[in-house]
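# Analysis of the macromolecular model
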Amino acid sequence: MSARSSLVDVRNAVLDDAGLTNAQVRAFVHGWAEVTGAARIEVVNASDDARLLREAVDAGELLPAGEGRYYSRSHAKDTARSEERTVVATDDPADAGTYNNWRPASEMRPLLEERMRGASAGKTMYVVPYLMAPPGSPLEAYAAGVELTDSRTVVLHMIRMARVGVAHINDLAAPNTFVRAVHVTGDLDTLGQGTPDDQRYFVTFARERTILHYGSSYGGNALLGKIAHGLRQATFDGWASGEFLAEQFLLLGITDKQTGRKYHVCGGMPSASGKTNLAMTLAPDALGDRYHVDFYGDDIAWLRVDPADGRVYAINPEFGVFGVAKDTNELTNPTAVAAIAPGTGTIFTNVAYNADAADVWWEGRTPEPPADVTGWRDWKGELISERPDGERNAPWAHPNSRFTTTLEHVPNIAADFDVPRGVPIDAIIFGGRTRDREPLVRAITDLAEGVYDGLTLGAEATFAAEGTEGVLRYDPMSMRPFMAFPEGAYAAHWLKVIGAATDQPIFAHVNWFQRDPDDGHFLWPGYRDNLRALLWLVQLRNGEVSGTPTPVGIVPTADELDLTGMDLRPGDLDRLLTIDVPRWRQEMAHRAEHLEQFRDVPEAIWEAHRRVAAALDAPQT
Ligand code: GTP
Ligand code: SPV
Ligand code: MN
């Protein structure tokens, strides 16, 4: 028997032992084991978690961070998604949009195979079958995938972020309809990250439903079920099938205990703009015990219309939370603090670490860093006590340091979080970091104007955006880094999918980040108080309040907003609820330029733009 056929036999024995019977999956595993040159394969089920954790600790890949908690440090050049190196590849040039970084699949495929060839030599290739949906969901056909990865840390993250196990891919209705996802870490020391000679590639071959990521083991670059499948591939699938939307959205429920009614809100905010915090928010104590907030999801939602009742339904395809650590504390987000408490199996990445105390710290965990710096190391592993004088105050944690925990540990997880049908949506919100112009909340009742508002969502990229000329980075529906097909078609798809609902959700734009132009303080305290804006929104939809119409939507009157127990500065509330018309008129010119970059923007969107512009130009009453 040749060496090669014996390797095939060994792999078949592993697949047999694991009960992995799907012949298409087996062929996929064999093919990539040959390319990557992995020494062995291992099939993963979620029940392997405890053993894999032990192995990772023994190998020094994870460090203990207190009872049932773990610490991981990524390579210093590998700490965030890379948008420049992320590509959507197909064989049809018509799939090229403004943001999807389209390249021909025929060109990218050999490039990726060349980089991956032999790159996992000596390593284990883990076979991670997963499902990005509650089991039994009407969208299940788009949810199955298999990630092959040569990183045990990535496997442990996948077990937290997705439903993982062989059962999810053995009995597919069509055995070939799984996403083929291959992750090869590569030699992180020599990849030239961020240089002209950058070797990394993160490619979604959308029409082949194949994802090949090379050159990172961090976050959305490496956990392929999450961003690459759950957003990039899924948004493409939703468009190609005409059936659904996949968006970077949070998803929450609000129960009014007095009336017994429950509302579901979903919405997009760009990365690091507050989705996790909003979905985990609790009702402010000051409102009494009247409201309860349920967590459904914090980063991805798939939306479809259910023909049974004509409503928009949303699911969270994920199984965990990959949350920003910075500023997470008892006051800002007690729910998150509980979700990452001892015993939760949480993995912290790139925060500060103290091996002696088996503890972690990040900026904002406490107002000041630990006073006794003995044993504390920053995210790069350097001792704080040995920092040169000038660098004493540099951040201990990386700004994109994160925690990874599962939904079951989120204290306000909804009882019906995995109901296959999803939950009916009452409101769709968009929001971003905007220091001026955008009021606390403005409601939009027209579908085209709502979609137009999402398309023109912008957030501050840097502090260079200060002042009235604030240059925003537009981020349509918060999907700019995950866009997989042309933006004009994306808008048309939204109008079609949501337009099919006979009972339409209300839209709104929210902004928790408006600042005082003089001293820069946040006008609105944010976090738990954000719920007050959402309560007003559902009341508006119910016809219980009517607000004040403005050219850009309906804003609350000061007495409609429940401000019980708040201590807003005089004048701040006015500013929060007022439309700065001259500033908005300036913005409209930027918006026109922004939309003009896109091909085939539906006429309904341009009409919405012109309606808003005309209303702003009219004499204001
Ligand atoms: P991704 O996981 O990258 O998609 O981010 P996200 O949108 O879920 O953002 P997240 O909720 O993690 O918040 C990012 C940062 O914004 C954190 O440091 C939060 O503490 C901060 N933040 C969230 N909500 C608010 C708020 O209402 N006000 C203020 N001032 N800061 C907030
Ligand atoms: C984001 O960047 O929006 C995230 C984190 O949710 S990552 O998984 O790295 O994309
Ligand atoms: Mn995100």
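Only a predicted model underlies this, so the values are computations on that prediction, with no experimental measurement involved.

About the criteria used
- Residues numbered from 1 in each chain as written.
- Chains lettered and ligands numbered in written order.
- Predicted model: local features only at pLDDT ≥ 70, side-chain atom pairs only at ≥ 80, totals over all residues.
- Heavy atoms only, no water.
- Domains from an automatic or database assignment.
- Buried area = accessible area lost by both parts, 1.4 Å probe.
- Salt bridge = Lys/Arg side-chain N within 4 Å of Asp/Glu carboxyl O.
- Polar contact = N/O pair within 3.5 Å; in protein donor to acceptor, adjacent residues only side chain to side chain.
- Nonpolar A, V, L, I, M, F, W, Y, C, P; charged D, E, K, R; others polar.
- Core = buried A, V, L, I, M, F, W, Y, C linked by side-chain atoms within 4.5 Å.
- Buried < 20%, exposed > 50% of the residue type's maximum accessible area, 1.4 Å probe, protein only.
- Axes fitted to C-alpha atoms, helices over the stretch in contact; angles between N-to-C directions.
- Helix = DSSP H or I, 4+ residues; strand = E, 2+ residues; numbered from the N terminus.
- Parallel < 35°, antiparallel > 145°, perpendicular 65-115°, else oblique.
- Contact = heavy atoms within 4.5 Å.
- Near = heavy atom within 4 Å.
- Areas by Shrake-Rupley, 256 points an atom, 1.4 Å probe, with all protein chains shown as cover.
- UniProt positions renumbered as here; feature names shortened; annotations may be inferred.
- Donors = N, O, S within 2.8 Å, 3.2 Å for Na, K, Ca; no water.
- Pairing = 2+ DSSP bridges.
- Phe/Tyr/Trp six-rings, centres within 6.5 Å; stacked < 30°, edge-to-face > 60°.
- Lys NZ or Arg CZ within 6 Å of the ring centre and 35° of its normal.

Here the domain parsing of the chain yields domain 1 (1-65 + 86-229) and domain 2 (246-318 + 426-617). Averaged C-alpha coordinates put domain 1 and domain 2 at centres separated by 35 Å. In total, domain 1 and domain 2 occlude about 1,800 Å² of area from one another, counting both sides; carbon and sulfur atoms represent 58% of this. By the criterion of area lost to domain 2, the three top residues of domain 1 are Thr 98, Tyr 99 and Leu 139, representing 36% of everything that side buries. Across the domain 1-domain 2 interface, the total number found is 2 salt bridges. Between Lys 226 and Asp 299 there is a salt bridge, with its nearest N and O atoms 2.8 Å apart. On inspection of domain 1 and its partner domain 2, the count reaches 11 residue pairs in polar contact (both at pLDDT 80 or more). Residue composition of the side of domain 1 that touches domain 2, grouped by class: 14 nonpolar, 5 polar and 3 charged.

It is worth spelling out the nonpolar core at this point. If you look at the biggest cluster of nonpolar residues, it comprises 132 residues, and the most contacted ones within it are Trp 302, Leu 303, Ile 428 and Trp 494. When residues of this core are assigned to domains, at least three map to each of domain 1 (1-65 + 86-229) and domain 2 (246-318 + 426-617). Among the nonpolar cores identified, the runner-up in size contains 56 residues, and Met 269, Ala 283, Ala 325 and Ile 429 belong to it.

It is the contact of helix H11 (residues 447-455) with helix H15 (residues 581-596), at a shortest axis distance of 11 Å, that shows an interaxial angle of 85°. Between H11 and H15, the interaxial angle falls into the category roughly perpendicular. Contacts between H11 and H15 involve Tyr 452, Asp 453 and Leu 455 from the first element and Met 588, Arg 591, His 594 and Leu 595 from the second. Residues of the contact of H11 with H15, tallied by class, amount to 4 nonpolar, 1 polar and 2 charged.

With that out of the way, let us pick up the site of ligand 1. If you check the shell around ligand 1, you find 22 residues, and the closest are Ala 272, Lys 275, Thr 276, Arg 402 and Tyr 527. Taking Ser 273, its main chain carries an N or O atom lying 3.2 Å from an oxygen atom of ligand 1. Between ligand 1 and Tyr 527 there is a distance of 2.7 Å, counted from an oxygen atom to a side-chain nitrogen or oxygen. Considered on its own, ligand 1 offers 660 Å² of accessible surface; in the complex 94% of this is hidden by protein. Going through the elements one at a time, helix H9 (275-279) and strand E18 (320-324) are the ones with two or more residues in the shell around ligand 1. For the shell around ligand 1, the leading source of residues is H9, giving 3 residues.

Per the UniProt record, "domain: Phosphoenolpyruvate carboxykinase GTP-utilising N-terminal" (unreviewed entry) is found at residues 28-237. For residues 28-237, the helix share is 30%, the strand share is 23%, and the end-to-end C-alpha distance is 21 Å.

So, on to the coordination of the manganese ion (ligand 3). Around the manganese ion (ligand 3), the protein contributes the donor atoms Gln 248 (OE1) and Asp 299 (OD), at 2.1 to 2.2 Å from the metal centre. Highlighted residues: Gln 248 in the loop between strand E12 (245-247) and strand E13 (249-256) and Asp 299 in the loop between strand E15 (291-297) and strand E16 (301-306), separated in sequence by 51 residues. Residue Gln 248 is classed as buried on the basis of its relative accessible area of 2%. You can call Asp 299 buried: its relative accessible area is 12%.

A word on the sheet that holds strand E23 (residues 402-406). Ordered by their spatial adjacency, 5 strands build an open sheet running E2-E3-E19-E23-E18, and the pairing between neighbours is mixed. Of all strands in the sheet, those bounded by a partner on one side alone are strand E2 (63-64) and E18. Looking at chain direction, strand E19 (residues 347-349) and E23 are connected through 3 bridges and run antiparallel. Across the sheet, Phe 348 pairs through a bridge with Phe 403, a residue of E23.

Among the 10 residues of helix H5 (residues 152-161), 10 are classified as buried, and the element is accordingly described as predominantly covered. Along H5, the positions that sit buried rather than exposed are Arg 152, Thr 153, Val 154, Val 155, Leu 156, His 157, Met 158, Ile 159, Arg 160 and Met 161. Taking the backbone nitrogen of Thr 153 as reference, a side-chain oxygen 3.4 Å away marks Ser 151 as the first, capping residue of H5.

Here we come to the site of ligand 2. Around ligand 2, a shell composed of Arg 81, Gly 219, Gly 220, Lys 226, Ile 227, Gln 248, Ser 271, Asp 299, Phe 322, Arg 402 and Phe 482 is seen. Between Arg 81 and ligand 2, the recorded distance is 2.8 Å, taken from a side-chain N or O atom to an oxygen atom. In this structure, Ser 271 approaches ligand 2 through a side-chain N or O atom, which is 2.6 Å from an oxygen atom. With the chains in place, 95% of the 290 Å² that ligand 2 exposes on its own is no longer accessible. At the level of elements, helix H7 (219-222) and helix H8 (225-241) are the ones that each hand at least two residues to the shell around ligand 2. Within the shell around ligand 2, the residues separate by chemical class into 3 nonpolar, 4 polar and 4 charged. Both domain 1 (1-65 + 86-229) and domain 2 (246-318 + 426-617) contribute no fewer than three residues apiece to the shell around ligand 2.

To continue, consider the sheet that holds strand E22 (residues 376-377). As summarised here, the arrangement of the 3 strands in space is E21-E20-E22, forming an open sheet in which the pairing is antiparallel. The open sheet terminates on both sides in strands that have one partner only, identified here as strand E21 (359-361) and E22. By the bridge criterion, 3 bridges tie strand E20 (residues 352-354) to E21 in an arrangement that is antiparallel. Within E21, the residue paired with Ala 352 across the bridge is Trp 361.

Right, let's get into the pairing of E13. When you tally the buried positions in E13, you get 8 out of 8 residues, the bulk of the element. Of the two faces of E13, the one carrying Phe 249, Leu 251, Gly 253 and Thr 255 and the one carrying Leu 250, Leu 252, Ile 254 and Asp 256 are both buried. One ladder, built from 8 bridges, connects E13 with strand E14 (residues 261-268); its direction is antiparallel. Pairing of Leu 251 across the sheet is with Cys 266, part of E14. The loop that links E13 with its antiparallel partner E14 comprises 4 residues; one of these, Gly 260, has a positive phi angle of about 80°. Note that E13 and E15 share 6 bridges and pair antiparallel. Of the residues in E15, the one forming a bridge with Leu 251 is Gly 297.

In this section: the packing of aromatic side chains. Counting across every chain of the model gives 18 aromatic pairs. A centroid spacing of 5.9 Å and a plane angle of 45° characterise the contact between Trp 376 and Trp 396, whose relative ring orientation is tilted. Here Trp 376, found in strand E22, pairs with Trp 396, found in the loop between E22 and E23; they are 20 residues apart in sequence, far enough to count as distant. Taking relative accessible area as the criterion, Trp 396 reaches 4% and is therefore assigned buried. An aromatic cluster of three or more residues is present, and its members are Phe 236, Trp 239, Phe 485 and Tyr 490. Above the ring of Phe 205, the side-chain terminus of Arg 109 is found at 5.4 Å from the ring centroid.

Positionally, Ser 216 belongs in the loop between strand E11 (210-214) and H7. For Ser 216, a relative accessible area of 0% corresponds to the buried category.

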